[in-house]
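# Residue-level structural notes
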Amino acid sequence: MVTMAKAFLLDLSLEELAAELRAWGEPAYRARQVWEWVWRHLCLDFGAMTNLSLPLREALAERFRLALPPVLAREQDEEGTEKVLLGLEDGTSVEAVLIPEEDRRTVCISTQVGCPVGCAFCATGQMGFVRNLTAGEIAAQVLHFARILREKGERVSHVVVMGMGEPLLNHEATLKALRNLNDPRGFALGARRITLSTVGVVPGILRLAQEGRQFNLAISLHAPDEKLRRKLVPMSARWPLSEVLRAADAYALATGRRVTYEYVLLSGVNDGLVHARALAKLLRGRLAHVNLIPFNPAPGLPFERPSAGQIELFRRELLAQGIDVTVRRSRGIRIQAACGQLRSRHLHGVPRA
Ligand code: SAH
Ligand code: SF4
């Protein structure tokens, strides 16, 4: 007999779950009860959903799976940044990171296995593209850490979509996962606590602007001119800088949110004062904020991190030009938190530095 593969419950929206249960003849409020068990109480065992009848619990367990992906590898640094490699159904794997800072508990999630954009300085980009994650696989990364934090009486306070993959090349699944996490009837993480980082997929940004939610948008710029940007971000030829900026402006206008521009600082490549001035010129007059990310070295990536002095010069030049700027503290360099690196090492058996 051929048994149908069980669906992953986290792949469903509340409306989809409701439609399924309605088809089973269940009253409308049942889906809401199941939703609360899963997304509010983080319950992964249908048997423990005690306000549901036993037959319904059994039917749910027949039809759906709910177990989170197992942890294949795990690293933690002395400041508490914890990175896990999660094993997926088809034998692939993705990384997720928990970054605890003062009163924040930020989870960094992946949206694809590998990435088709192929940025020259990114470990994920170098491994190529394998496949898109499903909405459930994306949300499961957050629930994994939410369950661990709960044991200490803590909650996930922020989610950043800055792990492996380009979220706007997996738009449907990413947005479904973020809507489910945002849903006030369940996980209830505020949209303003969710940041989506994109390399600048113009149609995706324009669609996101129509979503009607106040997600933070971060755009990975990395270069103030087209030529250098194409070298660093090969796929960016598809989305000219001027269009990326126009789409970002549309996002700021639609949501009232300031857009963040991320800029990875690579020694001798894009970290000169000329670059800072050109960047300032590009962003002047925009509702913008620049986040400088000093390059995180990884085996096989042919770049160097600029000196602290050079980073400071670059920052001051932007400030002098009237651009709001911060330098990202690189958490977890020791555990190589730049995404894609734990997976590379796990697959290739490269020993820890
Ligand atoms: N694909 C999306 C989101 C994932 S990457 C994007 O590119 O925006 C998240 C951020 O990490 C991006 O700004 C990316 O440029 C940065 N990043 C990638 N590799 C890095 C490295 N080795 N050092 C520092 N930042 C890196
Ligand atoms: Fe993909 Fe982002 Fe890495 Fe570029 S930086 S290869 S877009 S994950």
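## Concerning the nonpolar core
Phe187, Tyr261 and Leu318 are the most contacted members of the largest nonpolar core, which totals 108 residues. Counting residues per element, this core draws most heavily on helix H5 (residues 135–150), which supplies 9 residues. Built from parts of two domains, this core gets at least three residues from each of domain 1 (7–65) and domain 2 (71–348). Not counting chain neighbours up to four residues away, the residues in contact with Leu318 comprise Ala276, Leu279, Ala280, Val290, Leu292, Ile323 and Val325.

## A look at the side chain of Arg30
Locating Arg30 in the fold gives a position in helix H2 (residues 29–40). A distance of 2.9 Å separates a polar atom in the side chain of Arg30 from a polar atom in the side chain of Glu26. Ignoring any residue separated from it by four or fewer positions in sequence, one finds Arg30 in contact with Leu21, Asn51, Leu52 and Leu56.

## What to know about the environment of Leu318
Note that Leu318 resides in helix H11 (residues 308–320). Leu318 sits in the buried class, given a relative accessible area of 0%. On a C-alpha basis, the gap between Leu318 and Val160 in space is 25 Å, while along the polypeptide they are 158 residues apart.

## Topic: helix H1 (residues 14–23)
An α-helical segment advances 3.6 residues per turn. Residues three or four places apart therefore align on the same side. Of all the residues in H1, the buried ones are Leu14, Leu17, Ala18, Glu20 and Leu21. Taken around the axis of H1, the buried residues stretch over an arc of 160°, which confines them to a single face. With respect to the buried face of H1, the exposed residues turned more than 90 degrees away are Arg22 and Ala23. Looking at the packing, one finds that the buried side of H1 touches H2, helix H3 (54–63) and strand S2 (64–65). Immediately downstream of H1, the backbone of Gly25 shows phi near 85°, a positive value.

## Quick word on the site of ligand 2
Around ligand 2 lies a shell formed by Cys115, Val117, Gly118, Cys119, Cys122, Gly125, Gly165 and Val199. Classifying every residue of the shell around ligand 2 gives 5 nonpolar, 3 polar and no charged.

## Overview of the packing of aromatic side chains
What the rule picks out here adds up to 3 aromatic pairs. Here the aromatic rings of Tyr263 and Phe314 are separated by 5.2 Å at their centres, their planes lie at 35°, and the arrangement is tilted. Taken together, the positions of Tyr263 in strand S12 (residues 259–265) and Phe314 in helix H11 put the pair 51 residues apart, joining distant regions of the chain. The pair Tyr263 / Phe314 is uniform in exposure class, with both members buried. Measuring from ring centre to ring centre gives 6.0 Å for Phe295 and Phe303, while their planes differ by 70°; the resulting arrangement is edge-to-face.

## Details of the domain arrangement of the chain
Split by domain assignment, the chain resolves into domain 1 (7–65) and domain 2 (71–348). Of note, the centres of domain 1 and domain 2, computed from C-alpha atoms alone, are 33 Å apart. Each side of the interface is counted separately: domain 1 has 17 residues, and domain 2 has 19 residues. Ranking the residues of domain 1 by area buried against domain 2 places Asp11, Trp39 and Leu42 at the top, with a combined share of 41%. Here Arg65 ties to Glu89 by a salt bridge, and the two come within 3.8 Å at their closest N and O atoms. There are 10 residue pairs in polar contact (both at pLDDT 80 or more) connecting domain 1 and domain 2. Sorting the residues of the side of domain 1 that touches domain 2 by element identifies H1 and H2 as the ones contributing at least two each.

## Considerations on the site of ligand 1
Around ligand 1, the surrounding shell holds 18 residues, and the nearest of these are Phe121, Gly165, Ser197, Ser220 and Asn296. Glu166 is positioned such that a nitrogen or oxygen atom in its side chain is 3.2 Å from a nitrogen atom of ligand 1. Within the side chain of Ser197, one N or O atom sits 2.7 Å away from an oxygen atom of ligand 1. Relative to its free-state accessible area of 530 Å², ligand 1 is covered by the protein chains to the extent of 91%. The set of elements that each furnish at least two residues to the shell around ligand 1 consists of strand S10 (194–198), S12 and strand S13 (288–294).

## Quick look at the pattern of salt bridges
Tallied over the full model, the rule gives 21 salt bridges. Of the charged contacts, one joins Lys83 and Glu95 as a salt bridge, the two residues approaching to 3.2 Å between their closest N and O atoms. Placement of the pair is Lys83 in strand S4 (residues 82–87) and Glu95 in strand S5 (residues 93–101), with a sequence separation of 12 residues. The same class applies to Lys83 and to Glu95, which are both buried. For Arg213, the salt bridge is made with Glu211, and the minimal N-O distance between the two is 3.8 Å.

## A closer look at the pairing of strand S11 (residues 216–220)
Extensive coverage of S11 is indicated by the burial of 5 of its 5 residues. Neither face of S11 is open: one carries Asn216, Ala218 and Ser220, the other Leu217 and Ile219, and all of them are buried. The sheet contact formed by S10 and S11 spans 4 bridges and is parallel. Counterpart to Ser197 in the pairing with S11 is Ala218. Regarding the hand of the β-α-β motif, the stretch spanning S10, helix H7 (residues 202–209) and S11 is right-handed.

Criteria and cut-off values
- Residues numbered from 1 in each chain as written.
- Chains lettered and ligands numbered in written order.
- Predicted model: local features only at pLDDT ≥ 70, side-chain atom pairs only at ≥ 80, totals over all residues.
- Heavy atoms only, no water.
- Core = buried A, V, L, I, M, F, W, Y, C linked by side-chain atoms within 4.5 Å.
- Buried < 20%, exposed > 50% of the residue type's maximum accessible area, 1.4 Å probe, protein only.
- Helix = DSSP H or I, 4+ residues; strand = E, 2+ residues; numbered from the N terminus.
- Domains from an automatic or database assignment.
- Contact = heavy atoms within 4.5 Å.
- Polar contact = N/O pair within 3.5 Å; in protein donor to acceptor, adjacent residues only side chain to side chain.
- Arc of directions from axis to C-beta.
- Near = heavy atom within 4 Å.
- Nonpolar A, V, L, I, M, F, W, Y, C, P; charged D, E, K, R; others polar.
- Phe/Tyr/Trp six-rings, centres within 6.5 Å; stacked < 30°, edge-to-face > 60°.
- Buried area = accessible area lost by both parts, 1.4 Å probe.
- Salt bridge = Lys/Arg side-chain N within 4 Å of Asp/Glu carboxyl O.
- Areas by Shrake-Rupley, 256 points an atom, 1.4 Å probe, with all protein chains shown as cover.
- Pairing = 2+ DSSP bridges.
- Right-handed = clockwise from strand over helix to strand, strands pointing away.

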